[in-house]
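Per-entry structural report
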Amino acid sequence: MKVSRTHSAEELFAAVTPLLEQHFREVGNTAVYTLAPDWEKYRTLMSQGNLLALLAHEGEDCIGYSVSFMTPHVHYVGSKVCYNDVIFVRNDLRSGLAGAKLIAHTKAYALAEGVDVMQWHAKPNTQLNTALSKRLPVFEHVYSERL
C-alpha cells in the first residue's frame, strides 16, 4: 500500500467518490445527515493550505483516504490543531495495517505542517474507535441531533 498527499482537489474528489457511499452507509449518521459533500469548501480549504488530504492506493486503486482540517486553535493561541474530517479504508482491506499506516502518515504530514495537536473523531462501535481508545485518552464526546 502506498500513501501520498494530494494538493489537487480534483484528484481527491476522483479518488474518494467511488468509496463515499460505502463509507457513509457504514458510519454515517443517516438519521441526522444526507451524504452531500461541499466540494467547493474542500477546494477552498485546500487552496488555503488548511486541508490535509491523503490517499491510500493498492496499485491503481484508491483503497482509502484520510482528510483533516488544519487551523490555528481559537482557544490556545500559538497552538495549531489538526482534526480529522474522515478516515476510511475499504472494508475488505482492514485486516492489515492500512488504517494504522493512514493514521501514521496523517500525523507525520500534520507535524511537518507545524501542527502540535492532533484530534481524531471516531464513531462509536467502529474499528477506528476501538483502535484509538487503546492508544489515546478521550478528551470529549460529541453528540448530534437533527433540529
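Report on the accompanying structure. All values reported here derive from a predicted model rather than from experimental measurement.

**Structural notes on the overall build of the protein**
- The helix and strand tally for the protein stands at four helices and five strands.
- Moving toward the C terminus, one meets the helices and strands of the protein in the order β-α-α-β-β-β-α-β-α.
- Principal-axis analysis of the C-alpha atoms gives the protein an extent of 40 × 35 × 30 Å.
- Sorting the 147 residues of the protein into buried and exposed places 35% on the buried side.

**Description of the pattern of salt bridges**
- Applying the stated criterion across every chain, the model contains five salt bridges.
- Glu26 is paired through a salt bridge with Arg94; the nearest N and O atoms lie 2.7 Å apart. You can see Glu26 sitting in helix H1 (residues 9-27) and its partner Arg94 sitting in the loop between strand E4 (80-89) and helix H3 (98-112), a full 68 residues away along the chain.
- Close ionic contact of Asp92 with Arg90 constitutes a salt bridge, the shortest N to O distance being 2.9 Å.

**So, the sheet that holds strand E1 (residues 2-6)**
- Taken in spatial order, the five strands line up as E1-E2-E3-E4-E5 in an open sheet, and their pairing is mixed. Whereas interior strands pair on both sides, the edge strands pair on one side only; in this sheet they are E1 and strand E5 (117-119). The average angle at which neighbouring strand axes cross in this sheet is 25 degrees, direction not considered.
- Here eight bridges tie strand E2 (residues 51-58) to strand E3 (residues 61-72), and the two strands are oriented antiparallel to one another. Within E3, the position partnered with Ala56 by the bridge is Gly64.
- Along the sheet face, H1 touches E1, E2, E3 and E4 and points at about 95 degrees away from the line of E3.
- Sheet strands in contact with H3 are E1, E2, E3, E4 and E5, and its direction is about 145 degrees off that of E2.

**Some details on the nonpolar core**
- Counting 18 residues, the largest nonpolar core has Leu12, Val16, Met46, Leu51, Leu55, Tyr65 and Val67 as the members making the most contacts within it.
- Counting residues per element, the ones that place at least two in this core are H1, helix H2 (39-47), E2 and E3.
- Among the elements that line this core, the one with the most residues is H1, at seven residues.
- Not counting the four nearest positions on each side in its chain, Val16 is found in contact with Trp39, Leu55 and Tyr65.
- In this structure, Leu54, Ala98, Leu128 and Leu132 belong to the second largest nonpolar core, which totals 17 residues.

Thresholds, definitions, all that
- Position numbers for residues count from 1 along each chain, tracking the sequence in the order it is written.
- The predicted nature of this model means local features are confined to residues of pLDDT at least 70 and side-chain atom pairs, given and counted, to a pLDDT of 80 or more, with totals for whole chains, interfaces and linings taken over all residues.
- To obtain the side-chain values, all non-hydrogen atoms of the structure were used and water was disregarded.
- Strands are runs of DSSP state E lasting at least 2 residues, helices are runs of H or I lasting at least 4, and numbering of each runs from the N terminus.
- Summary of the burial criterion: residues with accessible area below 20% of their type's maximum are buried, those above 50% are exposed, and those between are partly exposed, where the area comes from a 1.4 Å probe applied to protein chains only.
- Between Lys or Arg on one side and Asp or Glu on the other, a salt bridge is scored when a side-chain nitrogen of the former is within 4 Å of a carboxyl oxygen of the latter.
- Strands are treated as partners if at least two bridges between them are detected by DSSP.
- Inter-axis angles, ranging from 0 to 180 degrees, are taken between N-to-C directions of lines fitted to C-alpha atoms, where helices are fitted over the stretch in contact.
- Pairs of residues are marked as contacts when any of their non-hydrogen atoms sit within 4.5 Å.
- Only buried residues count toward a nonpolar core. Its members are Ala, Val, Leu, Ile, Met, Phe, Trp, Tyr and Cys residues joined through side-chain atoms within 4.5 Å.

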